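Okay, here's what each chain looks like letter by letter:
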Amino acid sequence: MSASDSGIGVTPRWIYALQVASVGVMWVFVIGISGWILHLNRLSHRLQDVPSATVAISIVAIPVFLTGASVLTYVFVGLQRGRRTPGPEPEGEA
Amino acid sequence: MSDQAQDRDRPTQGLDAVDVSDLLRSVEGPGTGFRVASTLLILVILGGWVIFGRQLLYGLGVTGLNQPVAWGFYIVNFVFFIGISHAGTLISAILRLSNAEWRRPITRMAEVITVVVLAIGGFHPVLDLGRPDRMLNIFSAGRLQSPLLWDVSSITAYFMASTVYLYIPLIPDIALLRDRGAKPQWLYKFMAWGWQDTPRQRHVLERAVSILMVLVIPIAVSVHTVISYIFAMTLQPGWHSTIFGPYFVVGAIFSGIAALLVVMIVLRKIFRLERYLKEIHFDHLSKLLLIMALLWFYFTFSEYLTAFFGNEPSEMGVFYYKLTGPYWPWFWGMVACNFLIPVAILSFKRTRRVPGILVASIAVVIGMWLERLNIVVPSLANPRLPYPAGFYVPSLVEWAMFAGGIATFILGFVLFARFFPLISIWELKEGREEAVRETMKRVESYLPDPAPRES
């Protein structure tokens, strides 16, 4: 059964685009969180409000988010490269 | 295409068709039960939000919160739900990491619990705000030095890691649904990420799961430790304790296992999964629950004995408020539910059967909720400053949101079961094909080497 059989006209190319976009959204989220944490760092430095504590927390928090997004990207890229036919699924392929 | 590759393409390879139909019953034939359950649950949730509207209009005055008890049901439920979230990812990751083969039918349900309750629990502090719109201030002027913001970042990280940890092992099963033509087809095609079960794809998936299971364990432990810091970092009597971190983690794993057992028993009954969730799975998990009950008692005893022995007046105010004061029913109810009932039931093989385990698990879930209530309210009711002791009675708004939270939890499961298999099909398949051989090899490696031949 092809994707367009679902009755809402979603073609394989669109599905592939949505998959790439979903990974992109994940990165937007992670970069957003990291940016927010860095902003709070800058704020605590400006106000001299225990900046050492914010730096310590950032060192732990930011890599965790980056690792999560990296693993997801690794899986996406790995699954696409590991396919018998790389790229968007051709019409009719189950 | 080789014969081997063609065989791999068959969606039900390794499991007979009856097995797969059994496991996909909730997806392929949801029936009216699904619609009725979803409608009822949505009504409960909507009802809760309608009643909550009064709080938005009139502020926290419509709740039972007062001075000095400024935290009540919302924070109790926050700590409780986040604790339950340890059921999943942590237990699943530990079982995977330790190669516990009996984990296979359990891990998926555990991971779903985590994601659903984290979403519910993480939202509760927002309900506790008189002006929820002010939450946006954390983006512009949050203080990362505050334990409250440590919570925001650790819960967000845990939610992200748990969602990824649920999703990645789900991909082969989503592909199975795609290949069987399940609807909505576009959703399964989108979520399958082009899975074709090639050796390279399997290698990528297994490697990602290995990385994640190592990553989520410290995150999960840090989440509940950080939640305990909200209390322990204050000088409030009953809260300022060095063992609060591990105490909270132990309590979270304890309530998580209990919630997982309740979910397993209920879903086994509804979806007739007796062939997959066997007595042996309940036996193993209930032994873990028993160990956690003893550990919980040890931590509770240490915590209260230290306070009692110190005999500090403000600490003793909280101590007697719980043991003999207005909170005695909740305190002794907690001890009965978390220690006496589970230990009495689970210590004996005769009572350690599914009905007994269900009773013990429900008792623990109730007991752990009471524990959170006993931690949050009595300390606030007896502040260090010379105020008269307070009391807290939750209002209809708080009860309605509590009911809404539980309904959201059940709805989360109902929706998940409608679209995805509750038991990991590919892991069961892998178990049948490879795990028996691997386990035999592992057991052989534990045994002493043959004695060297004397020449």
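Here, every reference points to the structure presented above.
Residues numbered from 1 in each chain as written. Chains lettered and ligands numbered in written order. Predicted model: local features only at pLDDT ≥ 70, side-chain atom pairs only at ≥ 80, totals over all residues.

**Observations concerning the interface of chain A and chain B**
Facing 38 residues of chain A, the contacting portion of chain B comprises 37 residues. At the level of elements, α1 (12-47) and α2 (51-81) of chain A are the ones that each hand at least two residues to the side of chain A that touches chain B. Among the elements that make up the side of chain A that touches chain B, the one with the highest residue count is α2 of chain A (16 residues). Grouping the constituent residues of the side of chain A that touches chain B by class yields 24 nonpolar, 9 polar and 5 charged. (Contact = placed C-beta atoms within 7 Å. Helix = DSSP H or I, 4+ residues; strand = E, 2+ residues; numbered from the N terminus. Nonpolar A, V, L, I, M, F, W, Y, C, P; charged D, E, K, R; others polar.)

**A look at the environment of Met26 of chain A**
Residues and elements named next belong to chain A. With respect to the secondary-structure elements, Met26 resides in helix α1. For Met26, a count of 20 C-beta atoms within 10 Å puts it in the buried group. Taking the C-alpha atoms as reference points, Met26 and Gly68, 42 residues apart in sequence, are found 9.3 Å from one another. Leave out the neighbours within four places in its chain, and Met26 touches Ala69 and Leu72. (Buried ≥ 20, exposed ≤ 12 C-beta atoms within 10 Å, placed from the backbone.)

**Some points on α2 of chain A**
Residue and element names in this part refer to chain A. Between its terminal C-alpha atoms α2 stretches 44 Å, which fits the 45 Å expected from 31 residues at 1.5 Å a residue. Taken as a whole, α2 carries its principal kink of about 25° at Ser58. Looking at α2, one finds that the buried residues are Thr54, Ala61, Val64, Phe65, Gly68, Ala69, Val71, Leu72, Val75 and Leu79. (Expected span 1.5 Å × (residues − 1). Bend = angle between axes of the 7 residues up to and from the residue.)

**Regarding the packing of helix α16 (residues 328-346) of chain B against helix α17 (residues 354-381) of chain B**
Residue and element names in this part refer to chain B. Between α16 and α17, whose axes approach to 8 Å, the crossing angle comes to 155°. Judged by the inter-axis angle, α16 sits roughly antiparallel to α17. Handedness of the crossing formed by α16 with α17: left-handed. Between α16, through Trp330, Phe331, Gly333, Met334, Cys337, Asn338, Ile341, Pro342, Ile345 and Leu346, and α17, the contact on the second element is made entirely by Gly356, Val359, Ala360, Ala363, Val364, Ile366, Gly367, Met368, Leu370, Glu371, Leu373 and Asn374. In terms of residue class, the contact of α16 with α17 is made up of 16 nonpolar, 5 polar and 1 charged. (Axes fitted to C-alpha atoms, helices over the stretch in contact; angles between N-to-C directions. Parallel < 35°, antiparallel > 145°, perpendicular 65-115°, else oblique. Left-handed = near helix turned anticlockwise from the far one by under 90°.)

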